[in-house]
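# Examination of the molecular architecture
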Amino acid sequence: ARRAHPGIEGRIARIVATGVYKLDGPLVAFFLDFDTLGHYSLARALVMPFILVTQSFCSTRFKRYARATRIPSKDLWTVYAVSLAAGAAPVFLGAVVLQFFYPDKPAVFFVAVQILGIRVFFQSAYGLYNMYLYASGRSSALRWASLICATLNLALYLALIPAFELLGAVWADTLLCGGYFG
């Protein structure tokens, strides 16, 4: 019988994913300077509210997914539509709006926000699958995905941050989210 609670696998997956996900700041600070860390943190903070929309939607479905055998197509299309809109906002409007509010920031900052917009799409879209697996008691799949992604994330950070600085950190994040979604 399937469990309706996440179990230890789900908790391990969340701890591993969150732990590695939070390594980006210290690695940017280690390889680069604090100004770049500030730009990176601001760029991430500006796009994160877009992700919260789909995460909130997915959270409201937790009980339903605990009993479901599959994700309803209406939920899939809703999350994909919102994810696409959420990702498009920073990509297409981010640089224009931010240049108005932050005219003193370097051009790479605006490019970073646009790249993080792509990340917003991926993270928003895969949140639905994570919630479904977590709610339906299939969290061992999440554990393995988190362990693989944690390893890849660390490797991408270590390879791309020293080589490409701010954009390396942003691309490492975005590539990982895209790979996790795929």
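As the structure is a computational prediction, the values presented were derived from the model and not from experiment.

### A look at the overall build of the protein
What the protein contains, in helices and strands, is 7 helices and 0 strands. Written out in order from the N terminus, the α and β elements of the protein read α-α-α-α-α-α-α. Here the protein has a C-alpha radius of gyration of 17 Å; the compact-globule value for 182 residues is 16 Å, and the two agree. A principal-axis box enclosing the C-alpha atoms of the protein has dimensions of 55 × 30 × 20 Å. Counting across all 182 residues of the protein, residues that qualify as buried make up 43%. Restricting the contact set of the protein to residue pairs at least 6 apart, pairs at least 24 apart contribute 78%. Element-wise, carbon and sulfur atoms account for 70% of the exposed surface of the protein, whose accessible area totals about 9600 Å².

### Details of the side chain of D75
Inspection of the secondary structure puts D75 in helix 5 (residues 73-101). In contact with D75, other than residues within four places in its own chain, are F57, R61, R64, Y65 and L128.

### Digging into the pattern of salt bridges
Pairing is possible between side chains of opposite charge, provided their charged atoms come close. Enumeration according to the criterion identifies 5 salt bridges in this entry. Here D24 and R44 are joined by a salt bridge, their closest N and O atoms 2.8 Å apart. Of this pair, D24 sits in helix 2 (residues 24-31) while R44 is found in helix 3 (residues 34-60), placing the two residues 20 residues apart along the sequence. This pair shows no difference in class: D24 is buried, exactly as R44 is. In this structure, R44 and D173 form a salt bridge, with 2.2 Å as the shortest nitrogen-oxygen distance. Highlighted residues: R44 in helix 3 and D173 in helix 7 (residues 139-181), separated in sequence by 129 residues. For D173, a relative accessible area of 2% puts it in the buried group.

### What to know about the packing of helix 2 against helix 3
Relative orientation of the contacting elements helix 2 and helix 3 amounts to 150°, with a least axis distance of 8 Å. In terms of axis orientation, helix 2 runs roughly antiparallel to helix 3. For the pair helix 2 and helix 3, the crossing hand works out as right-handed. Touching D24, G25, V28 and A29 of helix 2 are F34, T36, L37, Y40 and R44, all from helix 3.

### Considering the nonpolar core
Of all hydrophobic cores here, the largest spans 24 residues; its most connected members are V28, Y40, F109, V113, Y157, I161 and V170. Only helix 2, helix 3, helix 5, helix 6 (107-135) and helix 7 provide two or more residues apiece to this core. Counting residues in hydrophobic clusters, the runner-up holds 12 residues, among them A68, V79, M131 and Y132.

### Quick notes on a nonpolar patch on the surface
A cluster of nonpolar residues, F92, L93, V96, V97, F100 and F101, forms a patch on the protein surface that exposes about 730 Å² of accessible area. In this fold, V97 is placed in helix 5. Assessed through its relative accessible area of 41%, V97 is described here as partly exposed.

Conventions used here
Residues numbered from 1 in each chain as written. Predicted model: local features only at pLDDT ≥ 70, side-chain atom pairs only at ≥ 80, totals over all residues. Heavy atoms only, no water. Helix = DSSP H or I, 4+ residues; strand = E, 2+ residues; numbered from the N terminus. Rg over C-alpha atoms; globule rule 2.2 N^0.38 Å. Buried < 20%, exposed > 50% of the residue type's maximum accessible area, 1.4 Å probe, protein only. Contact = heavy atoms within 4.5 Å. Areas by Shrake-Rupley, 256 points an atom, 1.4 Å probe, with all protein chains shown as cover. Salt bridge = Lys/Arg side-chain N within 4 Å of Asp/Glu carboxyl O. Axes fitted to C-alpha atoms, helices over the stretch in contact; angles between N-to-C directions. Parallel < 35°, antiparallel > 145°, perpendicular 65-115°, else oblique. Left-handed = near helix turned anticlockwise from the far one by under 90°. Core = buried A, V, L, I, M, F, W, Y, C linked by side-chain atoms within 4.5 Å. Patch = residues over 30% accessible without salt bridge, like charges linked within 9 Å, V, L, I, M, F, W, Y side chains within 5 Å.

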